[in-house]
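# Commentary on secondary and tertiary structure
The primary structure of each chain is shown beneath.
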Amino acid sequence: MKKTLLSASVVLAFVLGVFATTAFTTIERQNEAKKHPRIEHAIDQMRDAMEYMEHAPDNFGGHKAQAMADTKAAIKSLQAALGYRYEQDHK
């Protein structure tokens, strides 16, 4: 019984920690995006393009999969750039 309670407590603490970190990261990103609206707009446009490509019946001459992979990578890079800028601004 004690072992089960301890395990449940550890899992709950982990989940709460992940949730708190995610919420904090989202707030940080939103604040940084306000400072760099063109980057945020680019991310939004790429997400829109991803959604379009995911549902498009065409494979764009065989380039769909690579275009989607490149777009995902670009989104990650821009998010990393915003994260870096946030860290530099808050040292």
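Quick caveat: nothing in here was measured; it's all calculated off a predicted structure.

## Looking at helix H2 (residues 37–55)
Spacing of three or four residues puts side chains on the same side of an α-helix, whose turn is 3.6 residues. With 19 residues, H2 should reach 27 Å at 1.5 Å per residue; the first-to-last C-alpha distance of 27 Å fits that figure. Every buried residue belonging to H2 is among Glu-40, Ile-43, Met-46, Met-50 and Met-53, and all of these are buried. Viewed end-on, H2 has its buried residues packed into an arc of 145°, placing them on one side of the element. For H2, the exposed residues set more than 90 degrees away from the buried face come down to Pro-37, Arg-38, Tyr-52 and His-55.

## Re helix H3 (residues 64–89)
Taking 1.5 Å per residue as the helical rise, H3 with its 26 residues ought to reach 38 Å, and the 37 Å between its terminal C-alpha atoms agrees with that figure. The complete set of buried residues in H3 reads Lys-64, Met-68, Thr-71, Ile-75, Leu-82 and Tyr-86.

## Thoughts on the environment of Asn-31
Assignment of secondary structure puts Asn-31 in helix H1 (residues 2–35). Take Asn-31: its relative accessible area is 39%, and that puts it in the partly exposed class. Counting along the chain gives 51 residues from Asn-31 to Leu-82, while the straight-line C-alpha distance between them is 9.7 Å.

Definitions and cut-offs
Residues numbered from 1 in each chain as written. Predicted model: local features only at pLDDT ≥ 70, side-chain atom pairs only at ≥ 80, totals over all residues. Heavy atoms only, no water. Helix = DSSP H or I, 4+ residues; strand = E, 2+ residues; numbered from the N terminus. Expected span 1.5 Å × (residues − 1). Buried < 20%, exposed > 50% of the residue type's maximum accessible area, 1.4 Å probe, protein only. Arc of directions from axis to C-beta.

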